Amino acid sequence: MSPLTRRIGLAAAAVAVPAAFVFTGVGVGQASGDQPAAADARPHHSAHKAVAATGLDDPAKKEIAMKLVSSAENSSLDWRAQFSYIEDIGDGRGYTGGLIGFCSGTGDMLDLVEYYTQQKPGNVLAKYLPALREVNGSDSHEGLDPGFTEDWKKAAADKAFQDAQEHERDRVYFDPSVEQGKTDGLGALGQFIYYDAIVMHGPGDSRYSFGGIRKTALSQAEPPARGGDEATYLNAFLDARKEAMKSEEAHSDTSRVDTEQRKFLKEGNFDLTPPLRWQVYGDPYEITS
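So, a few notes on the structure that sits alongside this text. Just so it is clear, the structure is predicted and the values come from calculations on it, not from any experiment.

Reading guide: rules and limits
Residues numbered from 1 in each chain as written. Predicted model: local features only at pLDDT ≥ 70, side-chain atom pairs only at ≥ 80, totals over all residues. Heavy atoms only, no water. Helix = DSSP H or I, 4+ residues; strand = E, 2+ residues; numbered from the N terminus. Buried < 20%, exposed > 50% of the residue type's maximum accessible area, 1.4 Å probe, protein only. Areas by Shrake-Rupley, 256 points an atom, 1.4 Å probe, with all protein chains shown as cover. Salt bridge = Lys/Arg side-chain N within 4 Å of Asp/Glu carboxyl O. Axes fitted to C-alpha atoms, helices over the stretch in contact; angles between N-to-C directions. Parallel < 35°, antiparallel > 145°, perpendicular 65-115°, else oblique. Left-handed = near helix turned anticlockwise from the far one by under 90°. Contact = heavy atoms within 4.5 Å. Nonpolar A, V, L, I, M, F, W, Y, C, P; charged D, E, K, R; others polar. Core = buried A, V, L, I, M, F, W, Y, C linked by side-chain atoms within 4.5 Å. Pairing = 2+ DSSP bridges. Expected span 1.5 Å × (residues − 1). Bend = angle between axes of the 7 residues up to and from the residue. Phe/Tyr/Trp six-rings, centres within 6.5 Å; stacked < 30°, edge-to-face > 60°. Lys NZ or Arg CZ within 6 Å of the ring centre and 35° of its normal.

Focus on the overall build of the chain
Secondary structure summary: the chain contains eleven helices and five strands in total. Taken over 289 residues, the chain has a buried fraction of 57%. By element, 50% of the accessible surface of the chain is carried by carbon and sulfur atoms, the whole surface being about 11400 Å².

Shown next as structure tokens:
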């Protein structure tokens, strides 16, 4: 299945990834038909250990997180290849582009271009700011066509635009999810589960936003910071996440939960320690070190 088909029928609205790139230090990888045996499962660890362990903001763990998201969003572990990505995937959010699937209809693409323009006035995308403000909240391309997508690709070759994408990804999605995960007493896996959810569903408190999903999970289980069992709480969160995904056709394939996140959880790999082997949409991936 092509990446375009995955995006339209299956994957994220918030990541073009939402939604990315090749980092060299944490393993490479693509397909692997091997899945770890039950004997490879790691023991469950306590809330205390989760808090004490390396967080997702550790550079090596963050690199793993970027690859995991990109496997679902781009059918590739090469997340840095996605700076130039842009298209309308037909999900009602207008254009989706860049590392994390910034969308013209949801405001984060506008924020990105505003930030880029603050850092580099007169850039090739600055002229589209009035149009981005007008189309925010809709799927319209008015004022963006016909030149916006080509200019986006030109901008993607600019290190300043690449840095802006990473800055906004971290500010809006990565840093808040990691902070909330740590507050809830979760290890790197739980922090990643939060990150993947906020990337797809967006921040906020509506029923199917990240805040709403977390609220549903909290109604079913206590997180480690409140004395709860980490695995029980994360299973409750993933149950709520699947409900949110199934509420929208573009997200209705839940394999990124079932054969990626839930798999790591069943293995007891709360610290996201390689080797990691998983599948998304039936395609196998691995990070070996």
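Here we look at the pattern of salt bridges
Enumeration over the complete set of coordinates arrives at 25 salt bridges. As a salt-bridge pair, aspartate 163 and lysine 159 come within 2.8 Å of each other at their nearest N and O atoms. A residue pair is termed a helical-turn pair when its members lie 3 or 4 positions apart in one helix, as aspartate 163 and lysine 159 do in helix α7 (residues 159-183) at four residues. The class of aspartate 163 is partly exposed, set by a relative accessible area of 37%. When salt bridges with common partners are traced through the structure, they connect Lys62, Glu166, Arg169 and Asp170 into a single cluster.

Points about the packing of helix α3 (residues 59-74) against helix α8 (residues 188-201)
As a packed pair, α3 and α8 sit with axes 11 Å apart at the nearest point and diverge in direction by 45 degrees. Viewed along their axes, α3 and α8 adopt a mutual orientation that is oblique. Once α3 is placed against α8, the crossing between them reads as right-handed. In this structure, α3 uses Ala65, Met66, Leu68, Val69 and Glu73 to contact α8, whose residues at the interface are Phe192, Tyr195, Asp196 and Met200. Residues that form the contact of α3 with α8 fall into these classes: seven nonpolar, no polar and two charged.

Overview of the nonpolar core
Residues Phe148, Tyr195 and Leu272 are the most contacted members of the largest nonpolar core, which totals 74 residues. With ten residues, α8 is the largest single contributor of residues to this core.

Overview of the sheet that holds strand β3 (residues 102-103)
The three strands lie next to each other as β1-β2-β3, forming an open sheet whose pairing is antiparallel. Unpaired on one side and paired on the other, β1 (86-88) and β3 mark the two borders of the sheet. Examined bridge by bridge, β1 and strand β2 (residues 95-97) share three bridges and lie antiparallel to one another. Looking at β2, one finds that glutamate 87 is bridged to threonine 96.

Topic: α7
Counting along an α-helix, one turn takes 3.6 residues, and residues three or four places apart therefore face a common direction. Helix length check: α7 (25 residues) gives 33 Å between terminal C-alpha atoms against 36 Å at 1.5 Å per residue, within 8%. A bend of about 50 degrees at aspartate 170 is the largest found in α7. Along α7, the positions that sit buried rather than exposed are Phe161, Ala164, Gln165, Glu168, Arg169, Asp170, Val172, Tyr173, Phe174, Ser177, Val178 and Gly181. The elements touched by buried residues of α7 are α3, β3, α4 (108-119), α6 (148-155) and α8.

Details of the packing of aromatic side chains
Taken as a whole, this structure holds eleven aromatic pairs when the rule is applied. Ring geometry for tryptophan 152 against phenylalanine 161: centres 5.0 Å apart, planes inclined by 85 degrees, an arrangement best described as edge-to-face. Arranged with centres 6.1 Å apart and planes meeting at 55 degrees, the rings of phenylalanine 210 and phenylalanine 237 form a pair that is tilted. Remark: phenylalanine 237 occurs in helix α10 (residues 230-246) and phenylalanine 210 occurs in helix α9 (residues 210-218); sequence separation between them is 27 residues. Across the pair, phenylalanine 237 and phenylalanine 210 agree in class, each one buried. One aromatic cluster in this structure is built from Tyr95, Tyr116, Tyr128, Phe148, Trp152 and Phe161. A cation over a ring is seen here: lysine 62 above phenylalanine 174, with NZ or CZ 4.8 Å from the ring centre.

As for the environment of glutamate 63
Within the secondary structure layout, glutamate 63 lies in helix α3. In sequence terms glutamate 63 and tryptophan 79 are 16 residues apart; their C-alpha atoms lie 9.3 Å from each other.

Thoughts on the environment of glutamate 114
Mapping glutamate 114 onto the fold places it in helix α4. For the pair glutamate 114 and leucine 132, spaced 18 residues apart in the sequence, the C-alpha separation amounts to 9.8 Å. Glutamate 114 has contacts with Leu129 and Arg133, leaving out every residue within four places of it along the chain.

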